[in-house]
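Next come the chains, spelled out residue by residue.
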Amino acid sequence: METINWKKKMEEQLRRSGFTLQVENMSNIRLTEIHASSSPLISYPLRVRLYERMGWLMCTVDSPTLDRNEDHPLFERMVTAVFERIVRHLYNGYGFHILTFIGDTGNYITPKDSETGEVVRLVAHLWNDRSYIHLDTFEEYPALYVTPPWAHQAYAIESTDEEWVIYAGRGGRPSTDYRADGVELKSHRLADGELFFPVDRISKDKGTLALAEWLRLERREVEDFMMSFMQTIRKFDPSFGFAWGGTETFFHGVPVEPYAQVLRLESGKRRYRVMNNTANRLFAVSDDPNECLKAVSRTLGTITLPEHRVSALGQLVMGIWQQFETDEETYIQEVAYRDISKFQMEEKIGHALANQQRIRWIDKNHPHQNVIEYAHLRITFPKRPPGLVTVEPAESGHERGAL
């Protein structure tokens, strides 16, 4: 079929949905831009762009009048309801695998039972742990781009007749131009050849199972390194990166804040890097993950710990309070121990932090104090600092009475 046919069919379906259209065909760049007035189904005027990119039949939808802070959910529901019906009709009736991107919300719509829909479903399920792909992009004409939360660079997937081509994004390239005075200019567009480079090819003869295996392996290799990185760091500070109900603390004990990256290179190799976020200093870089982590251990081993670093109890309680300073005595005025020594308490809490043990809340609704069980200890402390912290074994008479 000629390319124009699927675009004409899209125009026809939009008119049937009650839109009045202004159509501009830009044949020099093979783009059709449609300005659609609001219809009974969508109360926003739309800008719809139809084009082919990286092997996909693309339809991008946005609205020039949308307030991105207030109208997101309503706009999302309206567009999804209309365009899911349209792309399903064009697939079932004419065999068009149209990939629709909602520019104002960053989500994709595909014919669910098509090959395109299966690819998007796999990427969303295996890489994003949810039922859709969300993408914040500065690209004016996006294709199938993915920014997984666990990765350190973007990916793109191209569809050819014989294979899927996986691309990785180039690192360090700004998405927005700024003037010297900090004023943000219009986001710029880069050609595919500049924005991404190919890292692997998967034959379609092997089916989507081969693509699914590649997606799983890519994520597992990145996350395995990140897990090993966390284990290495926690030898120096047990609480690093550990979250208490959404609150993360970083290095109360060691005066550094490292973060790690796993990057794909054009050579086909991976680059493993660990940086010091607070000083923009490189700790280690290597093509081998084990060598990188050994260098991190050597670097951290040379750091002199502060004499008055935050205790394990302080890391726990101050983390719940969302305090990140290192002067623990300002917030914890006194610690009362019952049936346990300070050394035993620090050992238990430090070990639990290193193993990411979850907090068990005993009393979270008291107006003045919190009571938790952690590391087999019952810990009582004020709702807000400063104040007295009480620590006792969880199996004590006090705990039995509370339960």
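Here the structure is shown first, and the text comes after it.
Bear in mind that the values here come from a model prediction, so they are computed numbers and not experimental data.

*Asks:* Before we go on, may I ask you to explain the sheet that holds strand β18 (residues 369-374) in this structure?
*Replies:* The pairing of strands in a sheet comes from backbone hydrogen bonds and takes either a parallel or an antiparallel form. Pairing is mixed across the open sheet formed by five strands, whose spatial order is β16-β20-β19-β18-β17. The two strands at the open ends of the sheet, each matched to only one other strand, are β16 (332-337) and β17 (360-363). Sheet twist, expressed as the average angle between the axes of neighbouring strands with direction ignored, equals 25°. In this structure, strand β19 (residues 377-382) lies alongside strand β20 (residues 387-393), joined through four bridges in antiparallel fashion. Across the sheet, the residue bridging to Leu377 is Pro393, located in β20. Here helix α7 (residues 312-321) sits on the sheet in contact with β16, β17, β18, β19 and β20, set at roughly 50° to β19. Along the sheet, helix α9 (residues 342-354) makes contact with β16, β18, β19 and β20, crossing β19 at roughly 95°.

*Asks:* Looking at this structure, how should I read the environment of Tyr94?
*Replies:* Relative to the assigned elements, Tyr94 resides in helix α2 (residues 72-94). Residue Tyr94 is classed as partly exposed on the basis of its relative accessible area of 30%. Residues Tyr94 and Trp6 lie 88 residues apart in sequence; the distance between their C-alpha atoms is 8.4 Å. For Tyr94, the side chain forms a polar contact with the side chain of Lys9, separated by 3.5 Å.

*Asks:* Sorry if this is basic, but what is going on with the sheet that holds strand β1 (residues 21-26) here?
*Replies:* Spatial ordering of the open sheet is given by β1-β2-β3-β4-β5-β6, a layout of six strands whose pairing is mixed. Of all strands in the sheet, those with a lone pairing partner are β1 and β6 (107-109), marking the two edges. Strand-to-strand twist of the sheet, defined as the mean angle between neighbouring strand axes without regard to direction, takes the value 20°.

*Asks:* What's the story with α7 in this structure? I'm lost.
*Replies:* Within an α-helix, residues lying three or four positions from one another point in the same direction, as the helix has 3.6 residues per turn. Counting buried positions along α7 gives ten out of ten residues, so the element sits mostly inside the fold. At the exit of α7 stands Gln322, carrying a positive phi of roughly 65°.

*Asks:* Got a minute to help me understand the side chain of Arg49 in this structure?
*Replies:* With respect to the helices and strands, the residue Arg49 is situated in strand β3 (residues 46-53). Exposure remark for Arg49: the relative accessible area of 7% places this residue in the buried category. A distance of 2.9 Å separates a polar atom in the side chain of Arg49 from a polar atom in the side chain of Glu33. Ignoring any residue separated from it by four or fewer positions in sequence, one finds Arg49 in contact with Leu31, Thr32, Glu33, Met58, Cys59, Thr60, Glu140 and Tyr141.

*Asks:* I keep staring at the pattern of salt bridges and nothing clicks. Help me out?
*Replies:* When the charged atoms of two side chains with opposite charge come close together, those side chains can pair. Per the counting criterion, the structure on display carries 19 salt bridges. Here Glu213 makes a salt bridge to Arg216, at a shortest N to O gap of 3.8 Å. Of this pair, Glu213 and Arg216 both sit in helix α5 (residues 208-234), three residues apart, which is roughly one turn of the helix. A residue is classified by how much of its surface remains accessible, and Glu213, at 41% relative accessible area, is partly exposed. The partner of Glu392 in a salt bridge is Arg338, and the shortest N-O contact between them spans 4.0 Å.

*Asks:* Any chance you could explain the side chain of Thr390 here in plain terms?
*Replies:* The residue Thr390 is located in strand β20 in this model. A relative accessible area of 11% places Thr390 in the buried class. Apart from the residues within four sequence positions on either side, Thr390 is in contact with Ala336, Arg338, Arg378, Ile379 and Thr380.

Cut-offs and rules
- Residues numbered from 1 in each chain as written.
- Predicted model: local features only at pLDDT ≥ 70, side-chain atom pairs only at ≥ 80, totals over all residues.
- Heavy atoms only, no water.
- Pairing = 2+ DSSP bridges.
- Helix = DSSP H or I, 4+ residues; strand = E, 2+ residues; numbered from the N terminus.
- Axes fitted to C-alpha atoms, helices over the stretch in contact; angles between N-to-C directions.
- Contact = heavy atoms within 4.5 Å.
- Buried < 20%, exposed > 50% of the residue type's maximum accessible area, 1.4 Å probe, protein only.
- Polar contact = N/O pair within 3.5 Å; in protein donor to acceptor, adjacent residues only side chain to side chain.
- Salt bridge = Lys/Arg side-chain N within 4 Å of Asp/Glu carboxyl O.

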